[in-house]
Amino acid sequence: MNAWQRFRSHLAYHAVQLGVLALLAGAVLAGFNHMTAVEIAKRQNEDLNNSIGQVVPASMHDNDMVHDVITVPNGHGGRIKVYRARMGQKVTAVAYKFVAHGYAPSPITLIMGVDPNGHILGVRVLSLSETPGLGDKIQAKKTHWIFAFNGKSLHNPGAKGWHVKKDGGDFDQFTGATITPRGVVKGVYAALQFFAAHRPLLIHGQTPASANLMHPMQGGE
Amino acid sequence: MSQYQQIMKDGLWNNNVVFAQMLALCPTMAVTSTATNGLGMGLATTVVLALSNLIISLLRNVISNEVRIPAFVLLIASLVTLMDMSMDAWLHQLYQVLGLFIALIVVNCAILGRAEAFASKNKPLASLFDGITMGLGFTLALTIIGGVREVIGSGTLFAQASQLLGPAFKGIELTVIPDYRGFLIMVLPPGGFLALGFLLALKRQVDQAQARRAEQRKKATISSIAPEPVGAEQTA
């Protein structure tokens, strides 16, 4: 047994060995995290930009909506980030994410664009775990169902119309899947109510200068 | 048969992670709703498996026997985290589909299994090769299961492959059955078990047929008095 083998069989060797390995692994991970952080943040911004672009047409604004953010309490202890579209100084539309509760235990995440008069510009699903082939037809890539919200507002079709047809409302359900469309209709209606409640703040609230000042504080998100 | 040929045969067929070792069934069931997802997950796992085999083989004389398992787990977890970050940064589309499952490559027992059974006892080059072929065998299994489920479940094959893996994969996107209404159960989790079950039965059939043929050949050589070295090699 030479010196190396004797050292290897010593108890301390195990601890030192695991410690050194952990240190090395930690150093590599920290370095790599630093390398990719900028790229990953860029990708997330692109994702957000894409989502917003689906519900607010590019022709409606000349600003960078991702960075024109106002955070509003949603009344249930949470906060909603509202992205604003501007033409010059004037707010021409807002977009924000909201959730709806369908058939699956985890909620459906959606994004909605609304013009200053409270008319829906578009609604899209961002993530869902509804049943494939049934509830997932609310996605724009599967069916045109979600486009039925375009142009609608709180008063068109009115409180009675904001249900699926099975419940006496204006919106279609799917054969074999009523719960998902029902949940989405309810979620969109609540999101419109949120807009109505905060309209003055969202449309006239802050100048772009102060909105830009807000941005660095949210940089971490 | 050389060592490398044997490793390749084991990885792709004889000792295939899914179809023979029956390991890593959790990711297998979870991501194989389409062939594209299966392929993506398989390739990601192959990279981790090859690198973990290589590194563990290089360190096999440093890592002591008593603490090898925590050391392997530490190395594999680090590699998977690197993989996770680089896919998020550079293969974002694929990451959005497989995101959750990438982190779960850590608990893919096939990786620790190869580290323990092969890499800790063999030279780096052979271990790297074993990692790659085992990974490709896993990829093959996932892609086949995904393909079967996708064709029967939604009538397409490799749908959205170009979106996930790059424009070069546009050519493999196929609509196998046009205007297909879909067969939902194959896309849902039970379809994974059904597809795997039938494919396993098929592999057993092929293996048995091969064994019978080898048996007959052996008998034929024995009856022709002069035994050839072929038979000896096969029993070895």
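Note: the structure precedes this text.
Residues numbered from 1 in each chain as written. Chains lettered and ligands numbered in written order. Predicted model: local features only at pLDDT ≥ 70, side-chain atom pairs only at ≥ 80, totals over all residues. Heavy atoms only, no water.

### Overview of the overall build of chain A
Here is step 1 of the chain: The number of helices and strands found in chain A is 4 helices and 5 strands.
Here is step 2 of the chain: When the helices and strands of chain A are placed in sequence order, the string is α-α-β-β-β-β-β-α-α.
Here is step 3 of the chain: Its C-alpha atoms give chain A principal-axis dimensions of roughly 90 × 50 × 30 Å.
Here is step 4 of the chain: Across chain A, the fraction of contacts at a sequence separation of at least 24, relative to all contacts at a separation of at least 6, is 49%.
Here is step 5 of the chain: About 11900 Å² of surface is accessible on chain A, with carbon and sulfur atoms providing 60% of the total.
Here is step 6 of the chain: Positive and negative side-chain charges of chain A, numbering 21 and 13 respectively, have mean locations separated by a distance of 5 Å. (Helix = DSSP H or I, 4+ residues; strand = E, 2+ residues; numbered from the N terminus. Contact = heavy atoms within 4.5 Å. Areas by Shrake-Rupley, 256 points an atom, 1.4 Å probe, with all protein chains shown as cover. Lys, Arg positive; Asp, Glu negative; His and termini not counted. Charge placed at Lys NZ, Arg CZ, Asp CG, Glu CD.)

### Things to note about the side chain of Thr178 of chain A
Here is step 1 of the chain: Along the chain, Thr178 of chain A falls in the loop between β5 (120-127) and α3 (179-204).
Here is step 2 of the chain: Excluding anything up to four places from it in sequence, Thr178 of chain A contacts Val164, Lys166 and Gln173 of chain A.

### Focus on the sheet that holds β5 of chain A
Each strand in a sheet pairs with another by means of backbone hydrogen bonds, the pair being arranged parallel or else antiparallel.
Residue and element names in this part refer to chain A.
Here is step 1 of the chain: A sheet is described by the order of its strands in space; here 5 strands give the open sequence β1-β2-β3-β4-β5, paired in antiparallel fashion. Of all the strands in the sheet, the pair left with one neighbour each is β1 (69-73) and β5. The average undirected angle you get between the axes of adjacent strands in this sheet is 25°.
Here is step 2 of the chain: Sheet topology places strand β4 (residues 108-114) next to β5; 6 bridges connect them, and they run antiparallel. Pairing of Thr109 across the sheet is with Ser127, part of β5.
Here is step 3 of the chain: Contacting β2 (79-87), β3 (90-100), β4 and β5, helix α2 (residues 11-55) runs over the sheet at an angle of about 145° to β5.
Here is step 4 of the chain: Taken strand by strand, α3 contacts β1, β2, β3, β4 and β5, and its axis lies near 145° from that of β3. (Pairing = 2+ DSSP bridges. Axes fitted to C-alpha atoms, helices over the stretch in contact; angles between N-to-C directions.)

### Examining the pairing of β2 of chain A
Residue and element names in this part refer to chain A.
Here is step 1 of the chain: Examined bridge by bridge, β1 and β2 share 5 bridges and lie antiparallel to one another. Within the sheet, the bridge partner assigned to Val72 lies in β2 and is Ile80.
Here is step 2 of the chain: Of the strand pairs in this sheet, β2 and β3 are connected by 6 bridges, and their pairing is antiparallel. Note on β3: the bridge partner recorded for Val82 is Tyr96.
Here is step 3 of the chain: Between β2 and β3, which pair antiparallel one after the other, the connecting turn spans 2 residues, and Gly88 there sits at a positive phi close to 65°.

### Things to note about the packing of aromatic side chains
Here is step 1 of the chain: Under the defined criterion, the tally for this structure stands at 9 aromatic pairs over all chains.
Here is step 2 of the chain: Each residue in the set Trp145, Phe149, Trp162, Phe171, Phe174 and Tyr189 of chain A is aromatic and connected to the rest through ring pairs, giving one cluster. (Phe/Tyr/Trp six-rings, centres within 6.5 Å; stacked < 30°, edge-to-face > 60°.)

### Here's the deal with the nonpolar core
Here is step 1 of the chain: In terms of nonpolar packing, the biggest core is built from 36 residues, with Tyr96, Met112 and Phe149 of chain A touching the most fellow members.
Here is step 2 of the chain: Of all the elements in the fold, those that place two or more residues in this core are β1, β2, β3, β4, β5 and α3 of chain A.
Here is step 3 of the chain: Looking at which element gives the most residues to this core, the answer is α3 of chain A, with 10 residues.
Here is step 4 of the chain: Apart from residues no more than four positions distant in its own chain, Tyr96 of chain A is found in contact with Ile80, Lys81, Val82, Leu110, Ile111, Met112, Val114, Ala191, Leu192, Phe194 and Phe195 of chain A.
Here is step 5 of the chain: Leu98, Ile102, Leu142 and Leu196 of chain B belong to the second-largest nonpolar core, a separate cluster that totals 31 residues. (Core = buried A, V, L, I, M, F, W, Y, C linked by side-chain atoms within 4.5 Å. Buried < 20%, exposed > 50% of the residue type's maximum accessible area, 1.4 Å probe, protein only.)

### A look at the interface of chain B and chain A
Here is step 1 of the chain: Chain B puts 26 residues into the contact, and the matching count from chain A is 22 residues.
Here is step 2 of the chain: Each partner contributes to the roughly 2000 Å² buried at the junction of chain B and chain A, and carbon and sulfur atoms together form 72% of this total.
Here is step 3 of the chain: Here chain B and chain A share 0 salt bridges between them.
Here is step 4 of the chain: At the junction of chain B with chain A, the criterion picks out 5 residue pairs in polar contact (both at pLDDT 80 or more).
Here is step 5 of the chain: Elements supplying a minimum of two residues to the side of chain B that touches chain A: α4 (68-90), α5 (92-103) and α9 (184-187) of chain B.
Here is step 6 of the chain: Ranked by residues supplied to the side of chain B that touches chain A, first place goes to α4 of chain B with 12 residues.
Here is step 7 of the chain: Here the side of chain B that touches chain A is composed, by residue class, of 15 nonpolar, 9 polar and 2 charged. (Buried area = accessible area lost by both parts, 1.4 Å probe. Salt bridge = Lys/Arg side-chain N within 4 Å of Asp/Glu carboxyl O. Polar contact = N/O pair within 3.5 Å; in protein donor to acceptor, adjacent residues only side chain to side chain. Nonpolar A, V, L, I, M, F, W, Y, C, P; charged D, E, K, R; others polar.)

### Considering the environment of Leu59 of chain B
Here is step 1 of the chain: Along the chain, Leu59 of chain B falls in the loop between α3 (35-58) and α4.
Here is step 2 of the chain: Sequence spacing of Leu59 of chain B and Leu188 of chain B is 129 residues, and the spatial spacing of their C-alpha atoms is 42 Å.
Here is step 3 of the chain: Once you skip the residues sitting within four places of it in the chain, Leu59 of chain B turns out to touch Leu21 of chain A together with Leu75 of chain B.

### Here we look at the packing of α3 of chain B against helix α7 (residues 124-154) of chain B
Residues and elements named next belong to chain B.
Here is step 1 of the chain: It is at 7 Å that the axes of α3 and α7 come closest, and there the two elements cross at 165°. It follows that α3 is roughly antiparallel to α7 by the angle criterion. Viewed along their axes, α3 and α7 form a crossing whose handedness is right-handed. (Parallel < 35°, antiparallel > 145°, perpendicular 65-115°, else oblique. Left-handed = near helix turned anticlockwise from the far one by under 90°.)

### Brief notes about the pattern of salt bridges
Residues and elements named next belong to chain A.
Here is step 1 of the chain: As enumerated under the stated definition, the model contains 11 salt bridges over all chains in all.
Here is step 2 of the chain: For Arg43, the salt bridge goes to Glu46, with nearest N and O atoms at 3.2 Å. Taken together, the residues Arg43 and Glu46, both in helix α2 and 3 residues apart, mark about one turn of the helix.
Here is step 3 of the chain: Asp172 is the salt-bridge partner of Lys165, the closest N and O atoms lying 2.8 Å from each other.
Here is step 4 of the chain: Linked through salt bridges whose partners overlap, the residues forming this network are Glu39, Lys42, Arg43 and Glu46.

### Some remarks on helix α6 (residues 109-119) of chain B
Residue and element names in this part refer to chain B.
Here is step 1 of the chain: Taken together, the buried positions of α6 are occupied by Ala110, Ile111, Arg114, Ala115, Phe118 and Ala119. Each buried residue of α6 lies within a common arc of 140° when the element is viewed along its axis, so the set occupies one face.
Here is step 2 of the chain: Looking at the buried side of α6, the elements it contacts are α1 (3-14), α3, α4 and α7.
Here is step 3 of the chain: Between the side-chain oxygen of the N-cap and the backbone nitrogen of Ala110 there are 2.9 Å, and the N-cap of α6 in question is Asn108. (Arc of directions from axis to C-beta.)

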